[in-house]
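Structure assessment
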Number of protein chains: 2
Amino acid sequence: MSPTAARITAVDTHDIRFPTSRELDGSDAMNPDPDYSAAYVVLRTDAADGIEGHGFSFTIGRGNDVQVAAIDALRAHVVGRSVGELCADPGTLFRDLIGDSQLRWLGPEKGVMHMAIGAVVNAVWDLAAKRAAKPLWQFLADAEPAWLVDQIDFRYITDALTPEEALELLRRGRRGAAERAARLREKGFPAYTTSPGWLGYDDEKLTRLATQAVADGFTQIKLKVGADLADDTRRCRVARSAVGPGIRIAIDANQRWNVAEAITWTKALAEFDPYWIEEPTSPDDILGHAAVRRAVAPVKVATGEHVQNRIVFKQLLQAGAIDILQIDAARVGGVNENLAILLLAAKFGVPVCPHAGGVGLCELVQHLSMFDFVALSGTTDDRVIEYVDHLHDHFLDPVVIREGHYTAPAAPGFSATMRPESIARYTYPGGTFWAADLAQQKGEAA
Amino acid sequence: MSPTAARITAVDTHDIRFPTSRELDGSDAMNPDPDYSAAYVVLRTDAADGIEGHGFSFTIGRGNDVQVAAIDALRAHVVGRSVGELCADPGTLFRDLIGDSQLRWLGPEKGVMHMAIGAVVNAVWDLAAKRAAKPLWQFLADAEPAWLVDQIDFRYITDALTPEEALELLRRGRRGAAERAARLREKGFPAYTTSPGWLGYDDEKLTRLATQAVADGFTQIKLKVGADLADDTRRCRVARSAVGPGIRIAIDANQRWNVAEAITWTKALAEFDPYWIEEPTSPDDILGHAAVRRAVAPVKVATGEHVQNRIVFKQLLQAGAIDILQIDAARVGGVNENLAILLLAAKFGVPVCPHAGGVGLCELVQHLSMFDFVALSGTTDDRVIEYVDHLHDHFLDPVVIREGHYTAPAAPGFSATMRPESIARYTYPGGTFWAADLAQQKGEAA
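In this text, all values refer to a predicted model and were calculated from it rather than measured experimentally. (Residues numbered from 1 in each chain as written. Chains lettered and ligands numbered in written order. Predicted model: local features only at pLDDT ≥ 70, side-chain atom pairs only at ≥ 80, totals over all residues. Heavy atoms only, no water.)

**Description of the overall build of chain A**
This is how it is decided: Helix and strand labels come from DSSP, where a helix needs a run of H or I of at least four residues and a strand needs a run of E of at least two; each type is numbered from the N terminus. All radius of gyration figures rest on C-alpha atoms, and the globule criterion is 2.2 Å times the number of residues raised to 0.38. To sort residues, take the accessible area from a 1.4 Å probe on protein chains only and compare it with the maximum for the residue type: under 20% means buried, over 50% means exposed, and anything in between is partly exposed. The Shrake-Rupley method, run with a 1.4 Å probe sphere, supplies the accessible areas, and residue values consider only the shown protein chains as cover. Working convention for charge: Lys and Arg count positive, Asp and Glu count negative, and His plus the chain ends are omitted. Charge placement uses NZ in Lys and CZ in Arg. For Asp and Glu, CG and CD serve respectively.
Within chain A, the regular secondary structure consists of 18 helices and twelve strands. Against the globule reference of 22 Å for 446 residues, chain A gives a C-alpha radius of gyration of 21 Å, in line with a compact fold. Its C-alpha atoms put chain A at 65 × 65 × 45 Å along the principal axes. In chain A, which comprises 446 residues, the proportion classed as buried is 64%. Of the roughly 14600 Å² that chain A leaves accessible, carbon and sulfur atoms contribute 52%. Seen as two clouds, the 45 positive and the 59 negative side-chain charges of chain A have centres 3 Å apart.

**A few points about the packing of aromatic side chains**
Rule in force here: Pairing of aromatic side chains requires ring centres within 6.5 Å, counting the rings of Phe and Tyr and the six-membered ring of Trp. Pairs whose planes differ by under 30 degrees are stacked, by over 60 edge-to-face, and all others tilted.
A full pass over the atoms with the stated rule returns 34 aromatic pairs over all chains. Consider the rings of Phe139 of chain A and Trp147 of chain A, whose centres lie 6.3 Å apart with planes at 90°: the pair is edge-to-face. Classification of Phe139 of chain A as buried rests on a relative accessible area of 15%. Each ring, one from Trp125 of chain B and one from Trp147 of chain B, has its centre 5.7 Å from the other, and the planes form 70°; the classification is edge-to-face. One end of the pair, Trp125 of chain B, is in helix H5 (residues 111-131); the other, Trp147 of chain B, is in helix H7 (residues 145-150), and 22 residues separate them in sequence. Looking at Trp125 of chain B, the relative accessible area reads 0%, which means it is buried. Among the aromatic side chains, those forming a connected cluster through ring pairs are Phe18, Tyr426, Tyr428, Phe433 and Trp434 of chain A.

**Observations regarding the pattern of salt bridges**
It is possible for side chains bearing opposite charge to pair when their charged atoms get close. All names here are of chain A. Heads up, the condition is: Within this document, salt bridges are pairs made up of a side-chain nitrogen of Lys or Arg and a carboxyl oxygen of Asp or Glu, the two lying within 4 Å of each other.
Here the structure, examined in full by the defined rule, presents 58 salt bridges over all chains. In this structure, Arg293 engages Asp323 in a salt bridge whose closest nitrogen and oxygen atoms are separated by 2.8 Å. Here Arg293, found in helix H13 (residues 286-296), pairs with Asp323, found in the loop between helix H14 (310-318) and strand S9 (324-325); they are 30 residues apart in sequence, far enough to count as distant. Through salt bridges with shared partners, one network takes in Lys222, Lys224, Asp252, Glu278 and Glu386.

**Quick notes on the domain arrangement of chain A**
All names here are of chain A. Where we set the bar: Note that the domain bounds were set by an automatic or database domain assignment. The criterion used for residue contact is that any of the two residues' heavy atoms lie within 4.5 Å. Buried area adds together the accessible area that both of two parts lose upon being put together, with accessible area traced by a 1.4 Å probe. Throughout this description, a polar contact denotes any pair of N or O atoms lying within 3.5 Å of each other; where both atoms belong to protein, one of them has to be capable of donating a hydrogen while the other can accept it, and for residues adjacent in sequence the pair is counted only when both atoms sit in side chains.
Looking at chain A, the domain boundaries give domain 1 (3-132) and domain 2 (177-421). With 34 residues of domain 1 in contact, the opposing surface of domain 2 contributes 40 residues. Here domain 1 meets domain 2 over a buried area of about 3100 Å², counting both sides, of which 64% is carbon and sulfur. Where domain 1 meets domain 2, there are one salt bridge. In this structure, the salt-bridge partner of Arg310 is Glu109, at a minimum N-O distance of 2.4 Å. Connecting domain 1 to domain 2 are eleven residue pairs in polar contact (both at pLDDT 80 or more). The set of elements that each furnish at least two residues to the side of domain 1 that touches domain 2 consists of strand S2 (37-45), strand S3 (53-59), helix H4 (90-99) and helix H5 (111-131).

The structure is reproduced here in structure tokens:
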């Protein structure tokens, strides 16, 4: 079969869940017991190269089956497509998926259906970068600015960013890209760590992990807050005293507060010099974030991991509601929509500090920040990617952290490919781990 | 079994689809071929009365199975609950559902998962009103203001509406409620009709249906616009000349435009004196709606059928982005969240004109407007409920339109109960209609 004739032959889906709630890793004020999970998708083709495209939606347990059902609902749009055409222009599929006139009713462009679109679109980018034998960040950084502009759906954002402005930003971003790529390969991209800051940890563990983080070369850590002000005050004091004044401490409320509470609580913690307050209130509340930002300065306001699409990001920027924009690789409609969001951030001059953690989010999102550095914003100043030390071993090309920096991936693709043995073990409910676990629970109940 | 011991024994779900795309009824600029569908839920109990609670999410075809899967994911929260406690306080279940710490990741409070919550919560209200032997509008209008306030989750809206303000609005709303209920039973609630205005109709059919609408007592009609400006100009002229100057003509772009297009297009149609422009742009674009509203006055701006939750409605009101608030009974988290939205509208003095149509949306939403009239806003001035003459016969207690008004339902419940024979016929893909249809398609393909 000639390469141009190759087609997508299958869209395989897997419900993969890790039993992370059994330790206290990952607990915050809104998510006390997450089981980090992936609604995982594999695009298979009949090309002779045997290359597959991998992608996923990230969830925290229950509902991962709903997310799989949503990806299944997209299958008819993908199977039978020309692999060559798909990889030459992922934007065509992205537009077809967000434009499906019936599926659109379930959003539009938000929640379960949009995350499913993101999983499939990201799998196409993984396939495209693998076929080009480049890590995704480099595949994007090498792409022609005009082609990148064509990958973006400008509907609903032209009042903030036109295609012409996007093209100009990308052209300017290309100047010096080769030098920055070399610097990236040498030094990596700055990370910060959330590992010390989970709510379930006692002060001794917090001190130990915060001290270790500084010793490991991190210049920023993050603490979860929002459950209890007295506890938060104590934990911020403990953390600040562990790391000293030169290290940034971000705090993260995970949407716990109303606007007034967010302001009061953040001001109460201001004496510990928090760098940003993250998700102070609902991710839908643009005007609320703007009110919080006005009130808590110089503490910065950060949000984005639950922001549903480019339209809400656009408004957060228009309203002056955020100091830090936190993209997530698996919440919005995939790479195409994240390109739009990176460009909006560049237009408004707001630094992008991605959300990561969970399962596989670090692996994915590093590529987007590295592209942003090499070929768009041109800087890592005030840019850090979240790092959480969880579940990386399940991936074939796991992130590598060195001296508080993400090392630039060299393997082709989007670093999304999970180990086959992990898929077999953690598929829910039939994988070997869950089958044994459910049998044991049944035995205990009997 | 004593009534207090009765429990929810089952949450049955049905994927029901009507082949509406085969006629042109229902086509607009973004939804050319909807198959009106319901992800339908039935709560069964072991109470001796045999009363069931019925509810549904409305979709337009593909993805209805995803919506069913989302309702299935809620089952564990509902089965085994005390019927008495559930009906005495539906708010407890509503809070449990939106607060499920793992399912929340799939939203939060938006899209597929939130619509599923709405379906289940509405089924509880149907059950509660049936057990009280009252139509839902009356059940709500008779309820104590303090109890209604307790039904609301104020998280993320207290900067616009406090529980104390809500209580005061409801107390004030109760004055004169008995007289208004009597007037409602006598005259009904004003409706407007979208039936003349679908994009697929030619001018002759538009003229005929618009003329008929006026003869039937409607004082407002609605035209779909946004596909082609020359066509829209001609159709607006035809409609205005058919109905004369005294009838309101609303126009509806179904999210077709960017902000600048919305302004230009609406101004171009202003000569035909449109009453409101509906969904001029993305339902997520609060600031965009505000910009459109400033530019197109005195044409009013209306939106809401795709607004995901109370938090976005709050901001549309705070930003002065809308003149007309269009609730939908089956998009947000059910009656509890719609109570919050009705109260926000009352607080800001913005009239509520519900979205309806599809399948069953008229049946549901009439109850909310009637409650609003009887026990909250106290007026029908500038309030109209959308009416579309589709698929009502599939319901046991279909809406009745008389002289351009919705007649107040008298039967107990939320008017949500679909005829068993309709469920059997239109269940997808196994119901008698679809089984025959799919067999025929297969035969033609062979």
